[in-house]
Amino acid sequence: MRDEFERIFGAAPSGVWAAPGRVNLIGEHTDYNEGFVLPIALPQAVRVAAAPRSDGRLRLYSAQGDDVVTDLLVDRLAPGAVTSWAGYPAGVVWALREAGHRIGGADLYFDSDVPTGAGLSSSAALECAVAVAFRDLYQLELTSAELALLAQRAENDFAGVPCGVMDQMASSSCVEGAALFLDTRPQPSAGGTPTQPSDRGTSAGGTPTQPATVLNYRQVPFRPAEQGLALLVIDTRVKHDLGDGAYATLRAGCERAAELLGLAALRDLSAEALPAALAVLDGHPGELGPLVRHVVTEDERVVRAVELLDKGDFAALGPILTAGHASLRDDFKVSCAETDLAADTAVAAGALGARMTGGGFGGSVIALVPQELATAVEEAVEAAFLAAGWAAPKVFATVAAAGARRLD
Ligand code: GLA
C-alpha cells in the first residue's frame, strides 16, 4: 500500500487504515424502522493509504479503478457532483465538513478485497475507511458510532442512497469474534457523553456544530467454529436492477404504515399489538400489512438470536436464519429465485439454517453448517445453480472479523 501510494502521489503516506464489509446474521430491513440488527464484519476490507493535504485538494485513486486519479476540491463538494465510486469517499469528506469538523484535503490510495455488488457492503467499507483515516489524520474526536453516522449521511445525502445505519455501524464498530447487537434507534446524547466505552481520538481538530447522537450497541460473542460450525457466504453473483428503486419504496411503505398506526417507527409495534395493527392496515392500499409483520417478527428474531448467542448456543441460530428468510421471501418480498434456491438447497444439504443477507434482490446468502458438511453444502448449491442454468455462485467460509482500524 505504501509503495503504491508513493508511486501514484509521489510522497509517502501518513498511514494505512482498513474498514471491512459485513454480513448480517439477522435483522433485515429493520434498521430504517429503528429496530434491531446483528451483523458481523468480514475479514475482507477496503484498505486506504492516506496523507493530509493543506491545499484543499482531495485526490483519490483505486487499485480496482481505471488507473485515473480523481482530483477534487473539498470546498466545492456538493451532493450529486461526483457520480463514480469516488462519490462515496468524497461524500464522507463532505459530511465531515457539514458536521463542522475543520478538515483539509488528502491523498487517498484504495485497495479492496470486498466483493462489489454482492450485498456485502463494499460501499460502507469504503466510507468507513475514509472516515477512520480522516479521524486520525485530522485528530477528530469521534466515536466509532459517530463515524458510522457520518458515513451514512454521505450515502444518504451525497450519494443519494436511502440506506439505514447497519452497514456503516458494522464496518466501524464490530470487533473480532463477535456480532454487533445494535439498536438503530438514535438516542440524543446527554451532554455529548457516549454510552459506549470511549473510542474517541485523543485531541479535537474541530468543533462539531451538530448535536451528538448516540447509538446503543453491544458485542455478542460469535465463534461458531468453537462448536464445529462454519458460516458460509454464498454470493449468488446476481443483482437485480429492481433493487435500487424498490428499497426506497419499501422504506416509504414502512414509514407510511408507522404513520397510519400512529407510531414514531415500526419498532414501536409489539408482537401482541400486531394483529390489531394488521386489521387497521387491511383497508389501506399498498400491501402494508406484510411489511409490518416482517419488521415486527424480525425484531423478535434478533432478540431471540442474541439470547441464544449469549448462552453460547450457536447451533440454535439455524432455525432463526431460515425463519428470517421465509419472512423476507413471503412478507417483505425481497428475495429472488437465486437467493431462494441457495438458501433452500443449503438447508436440504445439511445446513442448520440459511437466509439471504442484506437488502435483497440478489446478493448473498449465509448458511450455518456443521463443518464436516461445508463442502457438501457448497457442492449442492453449485450443482443446483448449474441445473437451473445459472453461473456457479462464489462460496466462502467466514468469521466475525474486526471493524475499522489503523493498520500501519
Ligand atoms: C442495505 C442497507 C441497510 C439495511 C439492509 C437491509 O444493506 O444499506 O441499511 O437496510 O439493506 O437490512
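Residues numbered from 1 in each chain as written. Predicted model: local features only at pLDDT ≥ 70, side-chain atom pairs only at ≥ 80, totals over all residues. Heavy atoms only, no water.

In low-pLDDT regions, the fine details of the predicted coordinates are not to be read closely. Of all residues in the protein, 94% attain a pLDDT of 70 or more, and the chain-wide mean is 94. The model gives residues 192-209 a pLDDT under 50, and that stretch makes 43 contacts with residues more than four places away or in other chains. (pLDDT = per-residue confidence, 0-100. Contact = heavy atoms within 4.5 Å.)

This part is about the packing of aromatic side chains. Evaluation of the coordinates by the stated rule reveals nine aromatic pairs. Taking 5.2 Å as the distance between ring centres and 75° as the angle between the ring planes, the aromatic pair formed by F385 and W390 counts as edge-to-face. Given a relative accessible area of 1%, F385 falls into the buried group. (Phe/Tyr/Trp six-rings, centres within 6.5 Å; stacked < 30°, edge-to-face > 60°. Buried < 20%, exposed > 50% of the residue type's maximum accessible area, 1.4 Å probe, protein only.)

Across its 15 residues, helix α4 (residues 144-158) extends 20 Å between first and last C-alpha, which sits within 8% of the 21 Å expected from 1.5 Å per residue. With eleven of 15 residues buried, α4 lies mostly within the body of the structure. When we look at burial in α4, the residues that qualify are S144, A145, E146, L147, A148, L150, A151, Q152, A154, E155 and F158. For α4, the elements touching its buried residues are α2 (87-98), α3 (122-137), α5 (166-173) and β8 (213-221). Looking one or two residues beyond α4, the residue adopting positive phi is G160, at roughly 80°. (Helix = DSSP H or I, 4+ residues; strand = E, 2+ residues; numbered from the N terminus. Expected span 1.5 Å × (residues − 1).)

As a further point, take the sheet that holds strand β9 (residues 229-239). One open sheet accounts for four strands, arranged β10-β11-β9-β12; its pairing is antiparallel. With one partner strand each, in any of the chains shown, β10 (353-357) and β12 (394-398) form the two edges of the open sheet. With strand direction ignored, the average angle separating the axes of adjacent strands in the sheet is 25°. Sheet strands in contact with helix α11 (residues 374-387) are β9, β11 (362-370) and β12, and its direction is about 15° off that of β9. (Pairing = 2+ DSSP bridges. Axes fitted to C-alpha atoms, helices over the stretch in contact; angles between N-to-C directions.)

Turning our eyes to something else, we now look at the site of the ligand. In the neighbourhood of the ligand, the contacting residues comprise R22, E28, H29, D31, Y32, C163, G164, M166, D167, Y247, G358 and G359. Between D31 and the ligand, the recorded distance is 2.5 Å, taken from a side-chain N or O atom to an oxygen atom. A distance of 2.6 Å separates an oxygen atom of the ligand from a polar side-chain atom of Y247. When the ligand is considered free in solution it has 310 Å² of accessible area, and contact with the protein chains removes 92% of it. Structurally, the ligand is housed in the largest pocket. (Near = heavy atom within 4 Å. Polar contact = N/O pair within 3.5 Å; in protein donor to acceptor, adjacent residues only side chain to side chain. Areas by Shrake-Rupley, 256 points an atom, 1.4 Å probe, with all protein chains shown as cover. 1 Å grid on protein atoms, 1.4 Å probe; cavity = no way out; pocket = protein on both sides within 12 Å on 5 of 7 lines; lining within 4 Å. Sits in = over half its atoms within 2 Å of the grid points.)

It is worth spelling out the environment of A380 at this point. Topologically, A380 is positioned in helix α11. For A380, a relative accessible area of 22% gives the class partly exposed. Beyond its immediate sequence surroundings of up to four residues, A380 is in contact with T345 and A349.

Often, the extent of an interface is quoted as the loss of accessible area on bringing the components together. The domains assigned to the protein are domain 1 (2-222) and domain 2 (224-398). Computed from C-alpha coordinates alone, the two centres of domain 1 and domain 2 are separated by 26 Å. Listed per partner, the contact involves 36 residues of domain 1 and 45 residues of domain 2. Buried area between domain 1 and domain 2, summed over both chains or domains, comes out near 3,300 Å², and the portion from carbon and sulfur atoms is 65%. Here domain 1 is connected to domain 2 by four salt bridges. Here R355 and E28 are joined by a salt bridge, their closest N and O atoms 2.4 Å apart. The interface formed by domain 1 and domain 2 contains 19 residue pairs in polar contact (both at pLDDT 80 or more). If you list the elements that add at least two residues to the side of domain 1 that touches domain 2, you get β1 (15-24), β2 (36-37), β3 (39-53), β7 (178-188) and β8. Sorting elements by how many residues they give to the side of domain 1 that touches domain 2 places β3 first, with four residues. Considered class by class, the residues forming the side of domain 1 that touches domain 2 number 19 nonpolar, ten polar and seven charged. (Domains from an automatic or database assignment. Buried area = accessible area lost by both parts, 1.4 Å probe. Salt bridge = Lys/Arg side-chain N within 4 Å of Asp/Glu carboxyl O. Nonpolar A, V, L, I, M, F, W, Y, C, P; charged D, E, K, R; others polar.)

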